[in-house]
Each structure stands twice: as C-alpha cells, then as structure tokens.
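Residues per chain are reported as follows:
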Amino acid sequence: MSKNEFICDCNVIHQDVVNNTTKNMPEEDIFNKLAEFFKILGDTTRVKILFALDQNEMCVCDIANVLGMSKSSISHQLGTLRRSGIVKCRKSGKEVFYMLDDEHVKEVFEIGSEHIEHKR
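First, a word on what this report is: a plain description of the structure on this page. All values reported here derive from a predicted model rather than from experimental measurement.

**Quick word on the packing of aromatic side chains**
Taken as a whole, this structure holds one aromatic pair when the rule is applied. Both rings, one in Phe 37 and one in Phe 38, keep their centres 5.3 Å apart while their planes meet at 80°; by these two values the pair is edge-to-face. Relative accessible area serves as the criterion here: at 49%, Phe 38 is assigned to the partly exposed category.

**Brief notes about the pattern of salt bridges**
Summed over all chains, the structure comprises six salt bridges. Lys 106 serves as the salt-bridge partner of Asp 54, at 2.8 Å between the closest nitrogen and oxygen. A residue pair is termed long-range when its members are at least 10 positions apart, and Asp 54 in helix H3 (residues 44–55) and Lys 106 in helix H6 (residues 103–119) qualify at 52 residues. Glu 117 serves as the salt-bridge partner of Arg 120, at 3.2 Å between the closest nitrogen and oxygen. Just as Arg 120 is exposed, Glu 117 falls in that class too. Connected through salt bridges with shared partners, the residues Asp 54, Lys 106 and Glu 110 form a single ionic network.

Conventions we followed
Residues numbered from 1 in each chain as written. Predicted model: local features only at pLDDT ≥ 70, side-chain atom pairs only at ≥ 80, totals over all residues. Heavy atoms only, no water. Phe/Tyr/Trp six-rings, centres within 6.5 Å; stacked < 30°, edge-to-face > 60°. Buried < 20%, exposed > 50% of the residue type's maximum accessible area, 1.4 Å probe, protein only. Salt bridge = Lys/Arg side-chain N within 4 Å of Asp/Glu carboxyl O. Helix = DSSP H or I, 4+ residues; strand = E, 2+ residues; numbered from the N terminus.

In structure tokens, the structure reads:
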C-alpha cells in the first residue's frame, strides 16, 4: 500500500457537492458547542459516570461506590457534566439524584458504545 494512496490527485471541483455542503453548513457557534460537547466526553471518569447513569438514575454516593472514587471527585465531575447540559438532577428530600439530560445524550452515549464494541 502506497503512502500516497489516499491523496486526491484530481483538479475537478464537484460544484454541486460543494454548494450543497456549503448551504447546509451550520453557524460557527454550533461547531464550537459540538466540539465542547465531545471534549467533555473525552474524560474516562466522566464516561464511566455516563455509563452508570445510562443504567440507572443515581445519587453521588451510589456513583462513588460503583466507581470506587470519592464523593468529592464524583461531585466535581457531575458539576462539569451538568453545566454542559449532559446530565441533570432532581432533589428528593435531602438526596439529589442524577440522570442523563435527555434521550439525545443517551443515544449518543449508546451509539458510541456500540461503535466501540463493534470495532473490537
């Protein structure tokens, strides 16, 4: 396999493809927010928290127990996930339960997991 095998060697611009893509290109702000979303998911601890919350709604104590970490470190990561709109919480008496923010977050996480499992 040549190292240049995947280099495009043509000088043709496929104007219909270029126009269609340009017409559908979102605002720069959308790309920034999407990059930030994936950056937040780029931390192993946060991904483990998302896995746990994909299974069940949980309080900080439960997540800390599942991951073998301190409540403080879990709370810190949950704060990051909450500010990013990836998780939300509800209060029940003195307890605060965390869950994935919505079905979109659940789907992105599960599709990503399926992709990785499929590539193994």
